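Residues per chain, in single letters:
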There are 2 protein chains.
Amino acid sequence: MTTQLNELNAYKCFDGWCRFFEHDATSTKSKMRFSVYLPPQHEGWQVPVLYWLSGLTCTEENFMIKAGAQRFAAEHGVMLVVPDTSPRGEGVHDEPERYDIGSGAGFYVNATRDPWAPNYRMYDYVVQELPAIIHEHFHALPNASGIFGHSMGGHGALMISLRNPGMFRSVSAFSPISAPSQVPWGQDAFREYLGNDEEAWAQYDTVSLLKKAEKPLPMLIDQGLSDEFLKNLLRVDLLEKVCKERGHQLTLNLHPRYGHSYYFVATFIGEHIAYHAERLRS
Amino acid sequence: MTTQLNELNAYKCFDGWCRFFEHDATSTKSKMRFSVYLPPQHEGWQVPVLYWLSGLTCTEENFMIKAGAQRFAAEHGVMLVVPDTSPRGEGVHDEPERYDIGSGAGFYVNATRDPWAPNYRMYDYVVQELPAIIHEHFHALPNASGIFGHSMGGHGALMISLRNPGMFRSVSAFSPISAPSQVPWGQDAFREYLGNDEEAWAQYDTVSLLKKAEKPLPMLIDQGLSDEFLKNLLRVDLLEKVCKERGHQLTLNLHPRYGHSYYFVATFIGEHIAYHAERLRS
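Worth saying up front: this structure is predicted, and the values here are computed from it rather than measured.

Caption draft 1: Broad picture of the overall build of chain A. Looking only at helices and strands, chain A features 10 helices and nine strands. Compactness check: chain A gives a C-alpha radius of gyration of 17 Å against a globular reference of 19 Å for 282 residues, within 12% of the reference. With respect to the three principal axes, the spread of C-alpha positions in chain A is 50 × 40 × 35 Å. Per-residue burial for chain A yields a buried fraction of 62% across its 282 residues. Across chain A, contacts joining residues at least 24 apart in sequence account for 72% of those joining residues at least 6 apart.

Have a look at this one:
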């Protein structure tokens, strides 16, 4: 089956192309948007694919505009793929007065509770539909994908890599929501999307998944210590604790005075892309 | 006289600080905003200052968010200073339905025609008021300033450096509006701000100024060849022509397939900052 992609914009950038697409998505029964950065090496060669999952309120644009990632994707010959953070548009439920639920806040789950259940299936979109589209439409090297993200997208990247062993060769995160089941903000979102079944929550909770994981991918995480969300939302300390207890490989870089914004992400994006590229190209 | 600065935001970034300020401006009789990037070397040392002038619709934020400049400012130990592109706010005239005049479109002139004349004095703000503030509040190395910009801001950077010999040690531009007096869009803006006096226009027109300039600074200009504004607004060809005729030093890099956006600016920002740093640190 061929998915029709509608190209919205294309920008030459670091000798490659930054391109924006919209398409009818099966998993979310909605339009979905994503962006790709095709490095210059993509002209004629298959390249590794690195998926970026964005945080609350973001679209497929923020990372491409703010992170300065293209410079390093071009240098290392890696394709970047950046989905929107939720379905949007006609027929898709939203609660416009909230930024932490609905549009821009899909939390990368398959919602089971109405009114979200019909469209909010970002887990399926990211795990199945989007990779199939990427391999169909671009020169993507097989078995050479990595995943990373920021905040809610850091949660998405870690959680998805843990639930799909073998799908990715590398994973990293900036300021990830690490234990959403254990913080009020995450509990609110999970209750909206998944109801009160805490077993269901655990399937989307990185710390819960790490408790049971056998040989998960090593994780690289960068975290700002002046991040205003660190104590009440992100709880990277709980992730560090479970990794120590279970002997999971974690490289946790803590940065005094850095916050939660893309000014922080941009500062260390080069190191993350180099980390992935080393594992994807080996 | 001490100017009170109200700090709006501060972000740790590439081991330095990206800071946003608002203050009461004398030249524009309004609030004005600007941003600075203080490289890590600014802790205890005087550093060169590089002014960035932005294009139409931009504020003091766009460049800091989109250009990826901080990485190179940190590497070279150069301070970045980015003013808003016009006065804004209470009592400042605007025509909200237009993006090419009024708010976000000051064109770096001192307007002489009402209703713009009382506030739209961006030339004075950039040439006099802002540098005084920078040297008062930050560790700015004396006689070590450069200026660059994009589109309308490229016009501003070139024009201001030409009118103020000795003020800057380096100048460069991305996709500059090069001969505003000779294109309808620029003529419209100049007519609004300056009336019909074409002698007044010539004082703000890079190509006109280059016709009379004695030994202007060498210019570095990067231009995308798929830039949708190249033929009808920017007219970099006229700038190239006058430089050839008059023997002025111009390095003009033309880039096939690149457009007008910050994806283009970000691609070559490292080379521009290195160019300035070499001249500012020598």
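Having put the structure on the table, let's press on.
Caption draft 2: Here's a closer look at the relation of the copies chain A and chain B. Mapping chain A onto chain B calls for a rotation angle of 180 degrees and an axial translation of 0.0 Å; the resulting RMSD is 0.0 Å. Viewed as a symmetry operation, the transformation between the two copies matches a two-fold axis. Comparing interface residues between copies, 100% of those in chain A also lie at the interface in chain B; the contact surface is shared.

Caption draft 3: Representation of the side chain of Asp222 of chain B. When you line up the elements, Asp222 of chain B lands in strand 8 (residues 219–224). Although buried, Asp222 of chain B forms no salt bridge, and the nearest oppositely charged side chain, Arg71 of chain A, lies 11 Å from it. Polar contacts involving the side chain of Asp222 of chain B include one to the side chain of Asn253 of chain B, which spans 3.3 Å. Asp222 of chain B has contacts with Ala173, Phe174, Ser175, Asn253, His255, Phe264, Phe268 and His272 of chain B, leaving out every residue within four places of it along the chain.

Caption draft 4: Layout of the interface of chain A and chain B. Between chain A and chain B, the residue contacts involve 23 residues of the former and 23 residues of the latter. Across the interface of chain A and chain B, roughly 1900 Å² is buried in total on both sides, 61% from carbon and sulfur atoms. Summed over the shared surface of chain A and chain B, the result is zero salt bridges. Here chain A is connected to chain B by eight residue pairs in polar contact (both at pLDDT 80 or more). At six residues, helix 10 (residues 262–280) of chain A tops the list of elements feeding residues into the side of chain A that touches chain B.

Caption draft 5: Local environment of the UniProt feature "active site" (unreviewed entry) in chain A. Residues and elements named next belong to chain A. When the UniProt feature table is mapped to this numbering, "active site" (unreviewed entry) covers Ser151, Asp227 and His260. The named residues occupy 110 residues along the chain; their greatest pairwise C-alpha distance, 10.7 Å, places them in one compact cluster. Inspection of the secondary structure assignment puts Ser151 in the loop between strand 6 (140–150) and helix 4 (152–163). Take Ser151: its relative accessible area is 6%, and that puts it in the buried class. With respect to the element layout, His260 can be found in the loop between strand 9 (250–255) and helix 10. When sequence neighbours within four positions are dropped, the list of residues in contact with His260 reads His150, Ser151, Ser175, Asp227, Glu228, Phe229 and Leu234.

Caption draft 6: Structural view of the sheet that holds strand 5 (residues 79–83) of chain A. Residues and elements named next belong to chain A. Spatial ordering of the open sheet is given by 1-2-3-5-4-6-7-8-9, a layout of nine strands whose pairing is mixed. Whereas interior strands pair on both sides, the edge strands pair on one side only; in this sheet they are strand 1 (6–13) and strand 9. The sheet shows a mean angle of 20 degrees between the axes of neighbouring strands, taken without regard to direction. Strand contacts of helix 9 (residues 236–246): strand 8 (219–224) and strand 9, with the helix running at about 150 degrees to strand 9, the strand carrying the most contacts.

Caption draft 7: Structural view of the sheet that holds strand 7 (residues 170–174) of chain B. Residues and elements named next belong to chain B. Taken together, the nine strands give an open sheet; going across it, the order is 1-2-3-5-4-6-7-8-9, and neighbouring strands pair in mixed fashion. Since the sheet does not close on itself, it has two edges, and those belong to strand 1 (6–13) and strand 9 (250–255), each with one partner. Within this sheet the neighbouring strands show an average axis-to-axis angle of 20 degrees, counted without direction. Against the sheet, helix 3 (residues 122–137) touches strand 2 (16–25), strand 3 (30–38), strand 4 (47–53), strand 5 (79–83) and strand 6 (140–150), its axis set at about 55 degrees to strand 3. Helix 10 (residues 262–280) contacts strand 4, strand 6, strand 7, strand 8 and strand 9 of the sheet and is inclined by roughly 175 degrees relative to strand 7.

Rules behind the numbers
- Residues numbered from 1 in each chain as written.
- Chains lettered and ligands numbered in written order.
- Predicted model: local features only at pLDDT ≥ 70, side-chain atom pairs only at ≥ 80, totals over all residues.
- Heavy atoms only, no water.
- Helix = DSSP H or I, 4+ residues; strand = E, 2+ residues; numbered from the N terminus.
- Rg over C-alpha atoms; globule rule 2.2 N^0.38 Å.
- Buried < 20%, exposed > 50% of the residue type's maximum accessible area, 1.4 Å probe, protein only.
- Contact = heavy atoms within 4.5 Å.
- Least-squares fit on C-alpha atoms with pLDDT ≥ 70 in both.
- Lys, Arg positive; Asp, Glu negative; His and termini not counted.
- Salt bridge = Lys/Arg side-chain N within 4 Å of Asp/Glu carboxyl O.
- Polar contact = N/O pair within 3.5 Å; in protein donor to acceptor, adjacent residues only side chain to side chain.
- Buried area = accessible area lost by both parts, 1.4 Å probe.
- UniProt positions renumbered as here; feature names shortened; annotations may be inferred.
- Pairing = 2+ DSSP bridges.
- Axes fitted to C-alpha atoms, helices over the stretch in contact; angles between N-to-C directions.

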